[in-house]
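Structure assessment
Chain by chain, the residues:
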Amino acid sequence: MSRRPSHPARLLASALAAGALLTTAACSDEGGGSGTASDTAAQARAAEEGAAKKAPTGSPTGSPTGSPTGSPTGSPSASASALTESGAKAALLTEADLEDDWNQVRDADKWRDRLLVGEVDVSDFLTAKTDAADCQKLLDSLYRDDLLGEPSGPSALTGFEQGDSRLLEQVAGYDRAGLDDRLKWLDSLPQKCDEFTATDDNGEKRTVQVTESSVPGVGDAREGLHVTVRGTAADNPATLTLDIAAVRVGTSALTVTGGGLDGDEISSVEQGARQGTERLKTVLNGGTPSPQPTNLD
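Notes on the structure in this doc start here.

Parameters and conventions
Position labels on residues start from 1 in each chain and follow its written sequence. Local features in a predicted model are, by the rule used here, given only for residues with pLDDT of at least 70; side-chain atom pairs are given and counted only at 80 or more, and totals for whole chains, interfaces and linings are based on all residues. The side-chain values count all of the structure's non-hydrogen atoms but skip hydrogen atoms and water molecules. Where helices and strands are cited, they refer to DSSP runs of H or I of at least four residues and of E of at least two residues respectively, numbered from the N terminus. Only protein chains enter the accessibility calculation, which uses a 1.4 Å probe; a residue whose area is less than 20% of its type maximum is buried, one above 50% is exposed, and one in between is partly exposed. Any two residues having at least one pair of non-hydrogen atoms within 4.5 Å are treated as being in contact. Note on areas: these come from Shrake-Rupley sampling with a 1.4 Å probe, and a residue is covered only by the protein chains present in the view. In this description, a nonpolar core means a group of buried Ala, Val, Leu, Ile, Met, Phe, Trp, Tyr and Cys residues linked to one another through side-chain atoms lying within 4.5 Å. When a carboxyl oxygen of Asp or Glu lies within 4 Å of a side-chain nitrogen of Lys or Arg, that pair is called a salt bridge. Between any two strands, pairing holds if DSSP finds at least two bridges. Two cysteine sulfur atoms make up a disulfide if the distance between them is within 2.5 Å. The axes used here are C-alpha line fits, helices contributing only the stretch in contact, and every angle between their N-to-C directions lies in the interval 0 to 180 degrees. Working rule for angles: under 35 degrees goes down as roughly parallel, over 145 as roughly antiparallel, 65 to 115 as roughly perpendicular, anything else as oblique. When the near helix sits turned anticlockwise from the far one by under a right angle, the crossing is termed left-handed; a clockwise turn instead gives a right-handed crossing. In this count, Pro and Cys sit with the nonpolar residues alongside Ala, Val, Leu, Ile, Met, Phe, Trp and Tyr, while Asp, Glu, Lys and Arg are called charged and the others, Gly among them, polar. Note on aromatic pairs: the rings of Phe, Tyr and Trp (six-membered ring only in Trp) are paired at centre separations within 6.5 Å, and the planes decide the class, stacked below 30 degrees, edge-to-face beyond 60, tilted for the rest. As a reminder, the over-ring test applies to NZ of lysine and CZ of arginine, requiring each to be within 6 Å of the ring centre and within 35 degrees of the ring normal.

When helices and strands are counted, the protein chain shows six helices and nine strands. A buried classification covers 40% of the 297 residues belonging to the protein chain. Nonlocal contacts in the protein chain, meaning residues at least 24 apart in sequence, comprise 61% of its contacts between residues at least 6 apart. By element, 49% of the accessible surface of the protein chain is carried by carbon and sulfur atoms, the whole surface being about 16,600 Å².

The next subject is the nonpolar core. When a protein is soluble and globular, its nonpolar side chains tend to lie buried together. In terms of nonpolar packing, the biggest core is built from 33 residues, with L186, F196 and V210 touching the most fellow members. Residues within four places of F196 in sequence aside, it is in contact with V120, D124, F125, C135, L139, R206, T207, V208 and V210. By size, the runner-up hydrophobic cluster in this structure holds 23 residues, among which are L83, L92, V171 and A245.

This part is about the pattern of salt bridges. Evaluated as defined, the whole model comprises nine salt bridges. Of the charged contacts, one joins E161 and R166 as a salt bridge, the two residues approaching to 3.6 Å between their closest N and O atoms. Where D180 meets R248, a salt bridge forms, and the shortest distance between an N and an O atom there is 3.4 Å. Placement of the pair is D180 in helix α5 (residues 176–192) and R248 in strand β8 (residues 236–249), with a sequence separation of 68 residues. The exposure class of R248 is buried, given its relative accessible area of 8%. One network of salt bridges, with partners in common, ties together R176, D180, D220 and R248.

Moving on to the pairing of strand β6 (residues 205–212). Two strands pair when backbone bridges link them, and strand β5 (residues 195–199) and β6 are joined in this way by five bridges, in the antiparallel orientation. For E195, the partnering residue across the bridge sits in β6 and is Q209. Between β5 and β6, which pair antiparallel one after the other, the connecting turn spans five residues, and G203 there sits at a positive phi close to 85°. The pairing of β6 with strand β7 (residues 221–233) spans six bridges and is classified as antiparallel. Across the sheet, the residue bridging to Q209 is T228, located in β7.

Glancing now at the state of the cysteines. Going through the model one piece at a time under the given rule, you end up with one disulfide. Note that C135 is cross-linked by a disulfide to C193, the S-S spacing being 2.0 Å. Across the S-S bond of C135 and C193 the torsion is about -105°, and the bridge reads as left-handed. Taken as a pair, C135 in helix α4 (residues 129–144) and C193 in the loop between α5 and β5 lie far apart in primary sequence, 58 residues in all. Given the relative accessible area of 0%, C135 is considered buried.

A few words now on the packing of α4 against α5. α5 packs onto α4 with a crossing angle of 115° between their chain directions and a minimal axis gap of 10 Å. The angle between α4 and α5 falls in the class roughly perpendicular. Like other packed secondary-structure pairs, α4 and α5 cross with a definite hand, here left-handed. Contact residues: α4 offers D131, D134, C135, K137, L138 and S141, while α5 offers R182, W185, L189 and K192. Taken together, the residues that form the contact of α4 with α5 break down as four nonpolar, one polar and five charged.

The next point concerns the packing of aromatic side chains. Scanning all chains against the criterion turns up one aromatic pair. Geometrically, the ring pair formed by F125 and F196 is tilted, given 6.3 Å between the ring centres and 40° between the ring planes. With F125 in the loop between β2 (119–120) and α4 and F196 in strand β5, this pair connects stretches of sequence that are 71 residues apart. Just as F125 is buried, F196 falls in that class too. The ring centre of W185 lies 4.7 Å from the NZ or CZ of K137, which sits over that ring.

Now the structure itself:
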């Protein structure tokens, strides 16, 4: 049994037949049949128009634009709230954002305080041994400057000095669930780690106290800690005092840590959290932070 021609083939055959009719009519017209040739030409044009209307357009079924079925015609625009590498750097505090005599330094990423190095004495936690692990995690995170965990996105860091005090800020993008868990963890530390002892490699003991610290009402979520570490430095009694403010803005966050052997720097940390959050929000909204902030106290 012979196979029936496909629909496009039949249309093409019709168009060719119409063209043949037009040619025949033109030859007949040389003998004076002008009316017959005109009618035949009209029929040929009608046949060609019908074939053109029914022929495929070349677009996939259900996709008149030619793009894959169900997909947008253009690539999605970048989210306005996505932190970029350049944005993280632009969001960092500057000397103009801080009052007093803070001087920006270049090697803040190398700062480490040996008073934060030590192994937590588990015997201090008679009823909640797991709390000792949280307190160890706190000391280690303060030493490594990663209180909010490892960033999952871009990050940037800067630091300032004033006498024997330091102020460190980090801006980074995080996984939202992990970031929320870290903020909850910070909130639990004043109760879990209110006071404990840590011992360094030389057997010297440090007494650590952790309490809540105030944070301005900025950002989407925030936590604050006040940490003191009493031990020795250069064979002399020393007390390291640190204030920490962590602020979340969407899936990005900033951490401001300030203090030193000169005492607490709570006012500067609060100022840094306030100005840092404003700068981060400006960047996430697609703007550029002002080099001269006008909202300082």
